[in-house]
Amino acid sequence: MSATRKHTALPKAQILIEALPWLTRHHGRTVVIKFGGNAMIDEDLKAAFAQDVVFLRHAGLKPVVVHGGGPQISAALDRHGIVSEFKAGLRVTTEDAMDVVRMVLAGQVQRELVGLLNQHGPLAVGLTGEDAHTITAVKHQPEIDGELVDIGRVGEITAIDTGAIEALLADGRIPVVSSIARSQDDGHVYNVNADTAAAALAAALGAETLMVLTDVEGLYEDWPNSDEVISRLTARELEKLLPELASGMVPKMEGCLHAVRNGVNTARVIDGRVQHSILLEIFTDEGIGTMVVPDAEGDADA
Ligand SMILES: Nc1ncnc2c1ncn2[C@@H]1O[C@H](COP(=O)(O)OP(=O)(O)O)[C@@H](O)[C@H]1O
Ligand SMILES: CC(=O)N[C@@H](CCC(=O)OP(=O)(O)O)C(=O)O
């Protein structure tokens, strides 16, 4: 009887001890995790996400969650009779649409994640970029075919104030941030792409890692023709690839590039549809998605 028990218990100890080098390396470090709206497929996945984040916190890391909600916003706009339109990968956001964006991100998606995390204890505190000047932006006008285009209340980040997030982390809490910015140029607010917001926060916080959870396995080498995932690339390699990327991958990979060029050690895009993908990525060698690393010192034109 006891021999059988030992048999089944030993592999579990093995798994725990395998995580030791990662626990040592990441102890006390900040990890920014972006949870994309497309990865929030079902209740089980959302609950597993919350478990992973709480696990990281109890393992001595400092997780910061930045969430998206693109599909959820589109569904709510649809119910309000507002048609969703994207230009340069960003939502054209009228004044009316902005109210809906804010209501869905801060009032629904963020509340749901805070609730799931807090099933494990008094840990999560939700905020938007408006709170304590966390994210400040000016009006963003993307250039499309050589012309500046007005896409409404979409913001370009000009400043990050990490004070509120750092105070929460120091208090052992898990900040959950919605990608809405305070406006530098008028009294209103701006809609910011959640990947861009997560990357800017990761850089400003000096995070160890930016982890972007989405609905594909990683960055595909030749999307949509093949599902060959690029497992590792340097900032310079990514920079060369950027002009070829499409739609949702553009802000994600631009964000990864910004992060590793501004002090973040690794930026990863991983499949949020796989349960416990965060734990697999942080605590094992068999990293599952795409990892972007800074250029090696001495790299030409790095
Ligand atoms: N090279 C690529 N590799 C993987 N996905 C790509 C690529 N180019 C474009 N995509 C698209 O980007 C999508 C992910 O971005 P997005 O829809 O904005 O997700 P999220 O809600 O997680 O931010 C994928 O589902 C895929 O359709
Ligand atoms: C300006 C802009 O496009 N904002 C995004 C904000 C939410 C988001 O980025 O959500 P995902 O991460 O799920 O795509 C939007 O309105 O859809």
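Going along each chain's sequence as written, the residues are numbered from 1 onward. Written order decides the labels, with chains lettered from A and ligands numbered from 1. Local features are withheld for residues below a pLDDT of 70 in this predicted model, meaning they are given only at 70 or higher, and side-chain atom pairs are given and counted only at 80 or more; totals for whole chains, interfaces and linings count all residues. Side-chain metrics in this entry use all non-hydrogen atoms of the structure; hydrogen atoms and water are not considered.

A. Molecular detail of the UniProt feature "binding site: substrate" (unreviewed entry) in the protein. UniProt positions are given in the numbering used here, feature names are shortened, and annotations may be inferred rather than shown by experiment. Under the feature "binding site: substrate" (unreviewed entry), the UniProt entry names Gly-69, Gly-70, Arg-91 and Asn-191. Taken together, the annotated residues stretch across 123 residues yet fold into one region, lying no more than 11.7 Å apart by C-alpha. In this structure, the largest pocket is lined, among the annotated residues mentioned, by Gly-69, Gly-70, Arg-91 and Asn-191. We count a stretch as a helix when DSSP gives it H or I for four or more residues in a row; a strand needs E for two or more, and each element gets its number in order from the N terminus. Within the element layout of this structure, Gly-70 appears in helix α4 (residues 70-79). A relative accessible area of 28% places Gly-70 in the partly exposed class. Contact definition: two residues touch when any of their heavy atoms are within 4.5 Å. Every residue in contact with Gly-70, bar those within four places of it in the chain, is listed here: Gly-37 and Arg-91. Note on placement: Arg-91 falls in strand β4 (residues 90-91). In this analysis, the protein atoms alone were mapped onto a 1 Å grid. Cavities are point sets where a 1.4 Å probe fits without being able to get out; pockets are open sets with protein on both sides within 12 Å along at least five of seven lines; lining residues have an atom within 4 Å of a point. Buried, partly exposed and exposed residues are distinguished by accessible area as a fraction of the type maximum, computed with a 1.4 Å probe on protein chains only: under 20%, between the cut-offs, and over 50%, respectively.

B. View of the nonpolar core. Counting residues in hydrophobic clusters, the biggest one holds 42 residues, and the most contacted among them are Ile-33, Phe-49, Ile-278 and Phe-283. Elements supplying a minimum of two residues to this core: β1 (30-35), α3 (43-58), α4, α5 (95-117), β10 (174-183), β12 (209-214) and α10 (277-283). Here this core gets 11 residues from one element, more than from any other, and that element is α5. Leave out the neighbours within four places in its chain, and Ile-33 touches Phe-49, Val-53, Leu-56, Pro-63, Val-64, Val-65, Val-66, Met-211, Leu-213 and Ile-278. Core analysis: the next-biggest nonpolar cluster, separate from the first, contains 41 residues, Ile-165, Ala-181, Val-212 and Ile-230 among them. To define a nonpolar core, start from buried Ala, Val, Leu, Ile, Met, Phe, Trp, Tyr and Cys residues and group those joined through side-chain atoms within 4.5 Å.

C. Here's a closer look at the pattern of salt bridges. For this analysis, a salt bridge means a side-chain nitrogen from Lys or Arg found within 4 Å of a carboxyl oxygen belonging to Asp or Glu. Under the definition given, this model contains 15 salt bridges. Here Lys-87 and Glu-85 are joined by a salt bridge, their closest N and O atoms 3.9 Å apart. The class of Lys-87 is partly exposed, set by a relative accessible area of 29%. Between Arg-153 and Glu-95 there is a salt bridge, with its nearest N and O atoms 3.8 Å apart. A residue pair is termed long-range when its members are at least 10 positions apart, and Arg-153 in the loop between β8 (147-148) and β9 (155-160) and Glu-95 in helix α5 qualify at 58 residues. Arg-153 sits in the buried class, given a relative accessible area of 8%. One continuous salt-bridge network, built from bridges that share partners, spans Lys-34, Asp-195 and Lys-252.

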